[in-house]
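The primary structure of each chain is shown beneath.
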Amino acid sequence: MIERIWAGQSWLYILLLPLSLLYGVIALVRRMAYKVGLLPSWKAPVPVIVVGNLTAGGNGKTPVVIWLVESLTQKGYRVGVVSRGYGGKAQHYPLVVSSTTTTSEAGDEPILIHYRTQVPVAVAPKRSDAVKALLEAYSLDVIVTDDGLQHYALARDYEIVVIDGQRRFGNGWWLPAGPMRERAGRLNSVNAVIVNGGQPKSNEITMALEGDAAVNLLSGEKCAVSDLKQVIAMAGIGHPPRFFDSLEKKGIQVIQSYAFADHHPYQKQQLSALTPNDEPLLMTEKDAVKCQSFAQANWWYLPVDASFDAQGEIKILNEIKNTIERHKKTCL
């Protein structure tokens, strides 16, 4: 129902407008308080790159973070990542992620980013605490923050906004009547706008999520995802239909699809019940990091990578490289 309301397909959003207006006023006042210095923003001693969004729900932000970290690492920069750690609950914060950290402690996205990139990752509700923890433990050139566009308590040097190209901004209203955390005009003040699928507008960078090799959770075996032919599909991400649609576009017959809430805490019995005849169960990589400890032989996941139009990719990386190099010169 909430998806229909946010998409402008239901008049019920009118009932939520008073709460939306209150949310919007608070958000605007809060941002202005940080902008004029009434509320303090902590400035890190290294550049901070924010990858965030204007709306609630999945937009493909985490694959962008992974791409950015891998690209900067390949250029010789020492990169760290910080996150709020949604879906996790640690005994203490900040929490620096290690090989033994679980998704129940750190959340699924930080574990996925650490697994894919092998760079230092820290989580904390107060992101400046996570940055400080990384800088105490590692010598880093740049920090990438996964989400946190609206976390103005942490100053930033470069902002990237990721937009779902199909849903964009829905009915355009603030939460809860619509999906907006901030108004679309906020795009005018960010450094780069990436559009995941759909038709980009002027000055927006086109992105696609690509992945054709499925990985078995239990054995690590890889195969062309099309070889699975018929699957039971599941996804606990911000917008599960995107995953299901991508499978059908690859020619895979989805016998049944199951959409779970974002950051859903899976249980073995719950997922085993989805495949009573041991059909292949195909999930996202974000789901897989939460299921690894109780994986079954018929469970597979599909890793994806973000790809961009060449000009857009060069623009972002060159601008961030210049930001890092300028900072290094000022510190000499």
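Residues numbered from 1 in each chain as written. Predicted model: local features only at pLDDT ≥ 70, side-chain atom pairs only at ≥ 80, totals over all residues. Heavy atoms only, no water.

1. With respect to the overall build of the chain
Regarding its fold elements, the chain presents ten helices and 15 strands. Here the chain has a C-alpha radius of gyration of 20 Å; the compact-globule value for 332 residues is 20 Å, and the two agree. Overall, the chain is about 60 × 50 × 45 Å in size when its C-alpha atoms are taken along their principal axes. Within the chain, buried positions represent 52% of all 332 residues. Considering only contacts in the chain between residues 6 or more positions apart, those separated by 24 or more positions represent 73%. By element, 55% of the accessible surface of the chain is carried by carbon and sulfur atoms, the whole surface being about 15700 Å². The positive charge centre, built from 34 side chains, and the negative charge centre, built from 31, are 8 Å apart in the chain. (Helix = DSSP H or I, 4+ residues; strand = E, 2+ residues; numbered from the N terminus. Rg over C-alpha atoms; globule rule 2.2 N^0.38 Å. Buried < 20%, exposed > 50% of the residue type's maximum accessible area, 1.4 Å probe, protein only. Contact = heavy atoms within 4.5 Å. Areas by Shrake-Rupley, 256 points an atom, 1.4 Å probe, with all protein chains shown as cover. Lys, Arg positive; Asp, Glu negative; His and termini not counted. Charge placed at Lys NZ, Arg CZ, Asp CG, Glu CD.)

2. So, the UniProt feature "transmembrane region" (unreviewed entry) in the chain
Residues annotated by UniProt as "transmembrane region" (unreviewed entry) correspond here to residues 12-29. Span residues 12-29 is 94% helix and 0% strand, its end C-alpha atoms 27 Å apart. (UniProt positions renumbered as here; feature names shortened; annotations may be inferred.)

3. A closer look at the pairing of strand E14 (residues 299-302)
With burial as the criterion, each face of E14 is covered, one bearing Trp 299 and Tyr 301 and the other bearing Trp 300 and Leu 302. Note: strand E9 (residues 213-216) against E14, two bridges, orientation antiparallel. Across the sheet, the residue bridging to Val 215 is Tyr 301, located in E14. Two elements, strand E13 (residues 281-284) and E14, share four bridges in a ladder whose sense is parallel. Paired with Leu 282 across the two strands is Trp 300, which belongs to E14. Running through helix H9 (residues 285-291), the crossover from E13 to the neighbouring parallel element E14 is right-handed. (Pairing = 2+ DSSP bridges. Right-handed = clockwise from strand over helix to strand, strands pointing away.)

4. Focus: the nonpolar core
In this structure, Leu 68, Leu 72, Val 144, Ile 160, Ile 316 and Ile 320 are the most contacted members of the largest nonpolar core, which totals 38 residues. A total of seven residues in this core trace back to one element, the largest contributor, which is helix H3 (residues 61-74). With residues near it in sequence (within four places) discarded, Val 144 still touches Ile 49, Val 51, Val 65, Leu 68, Val 69, Val 79, Gly 80, Val 81 and Val 82. One finds Ala 44, Val 46, Leu 54 and Ala 124 within the second-largest nonpolar core, a separate group that totals 24 residues. (Core = buried A, V, L, I, M, F, W, Y, C linked by side-chain atoms within 4.5 Å.)

5. A few points about a nonpolar patch on the surface
Side chains of Met 32, Val 36, Leu 38 and Leu 39 sit close together on the surface and give an oily, nonpolar patch of about 400 Å² of accessible area. Among the secondary structure elements, Leu 39 is positioned in the loop between helix H2 (13-35) and strand E1 (48-52). With relative accessibility at 33%, the residue Leu 39 sits in the partly exposed group. (Patch = residues over 30% accessible without salt bridge, like charges linked within 9 Å, V, L, I, M, F, W, Y side chains within 5 Å. Salt bridge = Lys/Arg side-chain N within 4 Å of Asp/Glu carboxyl O.)

6. Observations regarding unusual backbone geometry
In this structure, the amide linkage connecting Tyr 93 to the following residue, Pro 94, adopts the cis form with an omega of 0°. Inspection of the secondary structure assignment puts Pro 94 in the loop between strand E2 (79-83) and strand E3 (95-96). A cis amide bond links Leu 175 with the next residue in sequence, Pro 176, at an omega value of 0°. Tracing the backbone shows Pro 176 in the loop between strand E6 (158-164) and strand E7 (192-196). Its identity as a non-glycine residue notwithstanding, Arg 168 has a phi of 45°, on the positive side. Among the structural elements, Arg 168 can be located in the loop between E6 and E7.

7. Some points on the state of the cysteines
All chains considered together, the criterion is met by zero disulfides. Lacking any disulfide linkage, Cys 291 is separated from the closest cysteine sulfur, that of Cys 223, by 18 Å. (Disulfide = S-S within 2.5 Å.)

8. Brief notes about the packing of H3 against helix H10 (residues 310-330)
Direction vectors running N to C along H3 and H10 enclose 60°, while the axes themselves pass 11 Å from each other. Accordingly, the angle class assigned to the pair H3 and H10 is oblique. Here the hand of the crossing between H3 and H10 comes out right-handed. Counted together, Trp 67, Leu 68, Ser 71 and Leu 72 of H3 and Glu 313, Ile 316, Leu 317, Ile 320 and Ile 324 of H10 form the full contact between these two elements. Of the residues in the contact of H3 with H10, the class split is seven nonpolar, one polar and one charged. (Axes fitted to C-alpha atoms, helices over the stretch in contact; angles between N-to-C directions. Parallel < 35°, antiparallel > 145°, perpendicular 65-115°, else oblique. Left-handed = near helix turned anticlockwise from the far one by under 90°. Nonpolar A, V, L, I, M, F, W, Y, C, P; charged D, E, K, R; others polar.)

9. Some words on the pairing of E7
Of all five residues in E7, five are buried; the element is thus mostly enclosed. Burial of the side chains of E7 extends over both faces: Ala 192, Ile 194 and Asn 196 are buried on one face and Val 193 and Val 195 on the other. The pairing of E6 with E7 spans five bridges and is parallel. Looking across to E7, one finds that Ile 160 is bridged to Ala 192. Both E7 and strand E8 (residues 205-210) contribute to a ladder of three bridges, which runs parallel. Among the inter-strand pairings, Asn 196 is bridged to a residue of E8, identified as Met 207.

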